Amino acid sequence: MTLPSPSTDRSLRIHLALAQYPILRTRIRARMRRELFERGIISPKNFEAEVREKAIQSQAREGLHDPLWEETEEIWETRMSRIRTHLTDFYFAYNLRYEDFERIVKDVVAERGSRPDEIEVSFNPELAPQEMLFEHALALERLPDEEKAHYQHRYNELIVVLIRRMISDQLAYINIAKAWFTAGDLMEIRRRKIGLGKIGGKAAGMLLAARILSEVAEDDIRDSLCIPESFFIGSDVMYAFMTYNNLLHWNDQKYKSETQIHADYPRIQTEYTKGEFPDDILEKLRALLDEVGDKPLIVRSSSLLEDNFGTSFAGKYDSVFCPNQGSVKQNLHDLTQAIIHVFASGLNPDALLYRRSMGLQDYDERLAILIQVVEGEQYGDYYFPHAAGVGFSRNLYRWSPQIRSEDGFLRLVWGMGTRAVDRVGTDYPRLVALSHPNLRPESAPKLIRQYSQHAVDVINLKDNRFESLPIENVLDRRYPLLRYIGELDQGGYLMPIRSLLSDEDVQNVVLTFDTLIQRTQFADRMKRILTLLEHYYKTPVDMEFTIRLKELQNLIPELTISILQCRPQSHAEDEEAHIPEHLAEETIIFSTSRMVPQGKVNNIRYVLYVSPEGYFALPTSAARAELGRTIGRLNTALANDTFICIGPGRWGTRNPDLGVNIRYSDIYNTDSLIELSGAGIGPAPEPSFGTHFFQDLVEARIYPLAIYLDDEDVIFNRDFFYNTPNRLIEFALDEVHLQNSLRLIEVSSYRPGHHLELIMDNPAGRAVAFLAAD
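The model shown is predicted, which means the values in this text are computed figures rather than measured ones.

Reading the values: the criteria
Residues numbered from 1 in each chain as written. Predicted model: local features only at pLDDT ≥ 70, side-chain atom pairs only at ≥ 80, totals over all residues. Heavy atoms only, no water. Helix = DSSP H or I, 4+ residues; strand = E, 2+ residues; numbered from the N terminus. Contact = heavy atoms within 4.5 Å. Axes fitted to C-alpha atoms, helices over the stretch in contact; angles between N-to-C directions. Parallel < 35°, antiparallel > 145°, perpendicular 65-115°, else oblique. Left-handed = near helix turned anticlockwise from the far one by under 90°. Nonpolar A, V, L, I, M, F, W, Y, C, P; charged D, E, K, R; others polar. pLDDT = per-residue confidence, 0-100. Pairing = 2+ DSSP bridges. Salt bridge = Lys/Arg side-chain N within 4 Å of Asp/Glu carboxyl O. Buried < 20%, exposed > 50% of the residue type's maximum accessible area, 1.4 Å probe, protein only.

**Examining the environment of L347**
Along the chain, L347 turns up in the loop between α16 (328-345) and α17 (349-357). Along the backbone, L347 and Y265 are 82 residues apart, and their C-alpha atoms lie at a distance of 7.1 Å. Residue contacts for L347: discarding those within four places in its chain leaves W250, Q253, Y265, I268, Y272 and L352.

Laid out in structure tokens, this is it:
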């Protein structure tokens, strides 16, 4: 048996001794190298050359030969760091006494916190491994305040590098986040993260909003705020999944034609669904499920570009609920399938064409994943929050002149917040103008009931699935929050609920949320929260949230607001737009005073008009969906022309029976999207602002408008819309059968040498499209 040499024994003793000083060992080894250099045992240049040589040799032993191309910078620097550590211990043990090592340790420990200028950086933070960055950042963070201030510049650099590595590389985000996140905050994110990549925009926004408010909000807000229990899957895991399942051939999908992108997506979904995760990822997901128990989960996209300044990607990628009520095996299967479903949604046509239209096609848009415990509580067989919604710090579309835009507004629903951000069926959220919370867009009880929430999104714990149900299937007379969310329809008026209702009365409950708004601090706190976030983001924001009421027996119950997501609010810059005086009525093609934005569209050459009579005469929902796809093809054909779209009911609805079933990828080249209702077509349009679809329009500078034909002051030139020649087949030869329902009107065919101008004057509360000479 060969006995170890004394120097080998000293090297092991040094290594073991340094393990006792996790915060100081980097500083100790830096001092050990200085001792080696000052005594002439080895020069700094030769030491670093040997580190690099041995790193390349270690690559060769692993079958790698090119440090630049065959592994990432972070792995290469981690390799270099470990060899540098080994060589420091080796040279010191073979050339100096153990007593010299003990002296250095004592000196460093004695200096700890008293001489921050002695903290050395012998590495490039931009290339160093995360472990080293955290070690240094945490050491600096623990210094007394007056001494930490002396070294703040180095701490700032480490925080910025960690944010860029772990969270987001978007400079607008980093410029804000670097002032708020601490090394401890980032360490907690690291503890909850699977993979090495970034956690993406959705997670980043939630964490930053919570961090800001925890520091600057008033006590009542701080005491009522929380965020869901959250876990993160780094953006590198998506590529690992694609590589493991031979899916990398889909990576160039974003460069294909629009037609091919649409055609390929069903196959992509099928191939992704058959994929599996490597064992190491599965093991970590099992541990995650062990930690959360049987709490329902939601798997959300959190891409690198998502929720960014100017490009929110709202609704572009999917989110999937996991009720998490099955066996351990079933829950793991459901979780992995949900993650895979979200990964596949990164290649859906809406997302790819949105990126193309926003000039982001060439960015490496990886999807990270945000996994959150669903906020809520069980009632009967169902699980859901007391209320949820989305808040905006700026109210872009005021329904009354007294509403202050800068105070913001909310879309509020009972149950899951999905019904607040999507345009769903004939359902409506409660709109709350935070400057005047009790001022509704409608006033008559009949209209309040019509424009109220009729269905609720819940997790069915018994059946282990997500469901949308009529409210009467979930709501009963014993529901503890009934009086806060509902009022009783007494036939001609709405009455607050002050006593226990009969089962029959529950059928007449209308979800108004009036008592919640009037009897709690909810509206006031939301206004202050959104104002604070706008101030520190330096731009308007929107925030998804849930609320929970406790101590319901108190006169004013306790309120908890959970932040689910926060991002810069999609908004167009205001521009001068004034309707010309003395417009001749015969030049006006249409006018409206419904929810008018501020802006203008010049030189309109085409109007794409979906005839209400023709559209609703189509025999099936499939035929109406086909019309939506035809609009998508015309959107491509008219890419170089200025055009607007006018159609019945709701643009972007999921239900083709309620309006034109299109998606962002079908209309992103248009300049205005106008909803037509009244005169037997349908009820007055419900404002869509605040939905994901609305945010798409605002970001793309597509102006949403509504024409209610029953309004007394509306103008709608039927001769223009019905008697001008239809140019449809000139652009879509195969769509002859749609000519009665879809009309493509060239403005100059109605009046030669003319085009349309659309002026939207928000202060005047009026929008007019009129003929103007070329």
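Picking up where we left off.
**Focus: the packing of helix α14 (residues 258-273) against α17**
A pair of packed helices can be characterised by two numbers: the angle between their axes and the separation between those axes. Between α14 and α17, the least distance of the axes is 9 Å, while the angle of their chain directions is 155°. Looking at the two axes, α14 sits roughly antiparallel to α17. Note that α14 runs across α17; the crossing there is right-handed. Only P349, L352, L353 and R356 of α17 make contact with α14, whose side of the interface consists of E258, I261, H262 and Y265. Here the residues of the contact of α14 with α17 are counted per class, giving 5 nonpolar, 1 polar and 2 charged.

**Looking at the confidence of the model for the protein chain**
Averaged over the protein chain, the pLDDT score is 86; the fraction of residues at 70 or greater is 90%. Every residue in residues 1-6 is under pLDDT 50, and counting partners more than four places away or in other chains gives 1 contact. Counted against residues more than four places away or in other chains, residues 113-120, with its pLDDT under 50, gives 25 contacts.

**Here we look at the sheet that holds strand β22 (residues 643-648)**
Taken together, the 5 strands give an open sheet; going across it, the order is β24-β23-β22-β21-β26, and neighbouring strands pair in mixed fashion. Two strands bound the open sheet, and with one partner strand each, they are β24 (703-708) and β26 (742-746). Averaged over all pairs of adjacent strands, the angle between their axes in this sheet comes to 20°, without regard to strand direction. Here 4 bridges tie strand β21 (residues 606-610) to β22, and the two strands are oriented parallel to one another. Following the sheet pairing, Y606 is matched in β22 by F643. Running over the sheet, helix α26 (residues 621-637) touches β21, β22 and β26 and is turned about 25° from β26.

**Section: the pattern of salt bridges**
With the rule as written, the count across this model stands at 45 salt bridges. A salt bridge links D185 to R211; the shortest N-O distance between them is 2.5 Å. Of this pair, D185 sits in helix α10 (residues 183-191) while R211 sits in helix α11 (residues 201-216); the two residues are 26 residues apart in sequence, bridging distant segments of the chain. A relative accessible area of 23% places D185 in the partly exposed class.

**Considering the sheet that holds strand β7 (residues 377-379)**
In space, the 4 strands of this open sheet follow the order β7-β8-β12-β13, with antiparallel pairing throughout. Strands with a single pairing partner mark the edges of an open sheet, and in this sheet they are β7 and β13 (465-470). Going across the sheet, the axis of each strand differs from the next one's by a mean of 45°, ignoring polarity. In terms of strand pairing, β7 meets strand β8 (residues 382-384) through 3 bridges, oriented antiparallel. Its bridge partner lying in β8, Y379 is registered against Y382.

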